[in-house]
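Each chain is listed here by its residues.
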Amino acid sequence: MLSYRLEHEVLVITVERDPGIGGRAGLASRITDLVDAHRPSPVVVVIDDRAAGSAAVSAVLRAHQFCARLGVLMSVVTHSAPLRRLLEADGSTRGPRLVVHARTDTAIAGSFAAAA
């Protein structure tokens, strides 16, 4: 369902498939556990094209709220323009603005620079 790696001191979590409504809470919990274990590292969540469903988006938005409470910088990457607009709209209503990118390398570079 997800994989992760550290790249330039940035935690990069890739959501590989949509967990469905029943797996939404579990995905959010796995993401927040990783964030907690690697804090204060900034986080980039990559939503793979196969994961671009409503349950994955909901889990990522929950993780964004968690990151905001911890003061951990989080951004999201997706290739889907409609999904980027949805994340930007929903992410801005729940605390600090969620930064959404189209490219992973840009998100990692921006997160690394912001944390430095």
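Refer to the preceding data block for the structure.
If you're wondering where the values come from, they're calculated on a predicted model, not measured in any experiment.

Analysis parameters
Residues numbered from 1 in each chain as written. Predicted model: local features only at pLDDT ≥ 70, side-chain atom pairs only at ≥ 80, totals over all residues. Heavy atoms only, no water. Buried < 20%, exposed > 50% of the residue type's maximum accessible area, 1.4 Å probe, protein only. Helix = DSSP H or I, 4+ residues; strand = E, 2+ residues; numbered from the N terminus. Pairing = 2+ DSSP bridges. Right-handed = clockwise from strand over helix to strand, strands pointing away. Core = buried A, V, L, I, M, F, W, Y, C linked by side-chain atoms within 4.5 Å. Contact = heavy atoms within 4.5 Å.

Chemist: Can you walk me through the pairing of strand β2 (residues 10-15) in this structure?
Modeler: Regular strands place side chains that alternate from one sheet face to the opposite one. Counting buried positions along β2 yields 6 of 6 residues, so the element is predominantly enclosed. Going residue by residue along β2, you find V10, V12 and T14 tucked away on one face and L11, I13 and V15 tucked away on the opposite face as well. In the sheet, strand β1 (residues 2-7) pairs with β2 via 6 bridges, with the strands oriented antiparallel. When the sheet's bridge partners are listed, R5 is paired in β2 with V12. Hairpin connection, β1 to β2: the antiparallel pair is bridged by 2 residues, and H8 has positive phi, about 55 degrees. Where β2 and strand β3 (residues 43-47) come together, 5 bridges link them in parallel fashion. Within the sheet, the bridge partner assigned to V15 lies in β3 and is I47. At this point the chain moves from β2, through helix α1 (residues 24-38), to the parallel β3, and the crossover so formed is right-handed.

Chemist: How should the nonpolar core be read in this particular structure?
Modeler: Inside soluble globular proteins, nonpolar side chains tend to come together where they are buried. In terms of nonpolar packing, the biggest core is built from 28 residues, with I13, I31, V43, V45, M74, V76 and L87 touching the most fellow members. The set of elements that each furnish at least two residues to this core consists of β2, α1, β3, α2 (54-70), β4 (74-77) and α3 (81-91). If one sorts the elements of this core by residue count, α2 sits on top with 8 residues. V76 has contacts with V45, I47, V60, L87, L98, V99, V100 and H101, leaving out every residue within four places of it along the chain.

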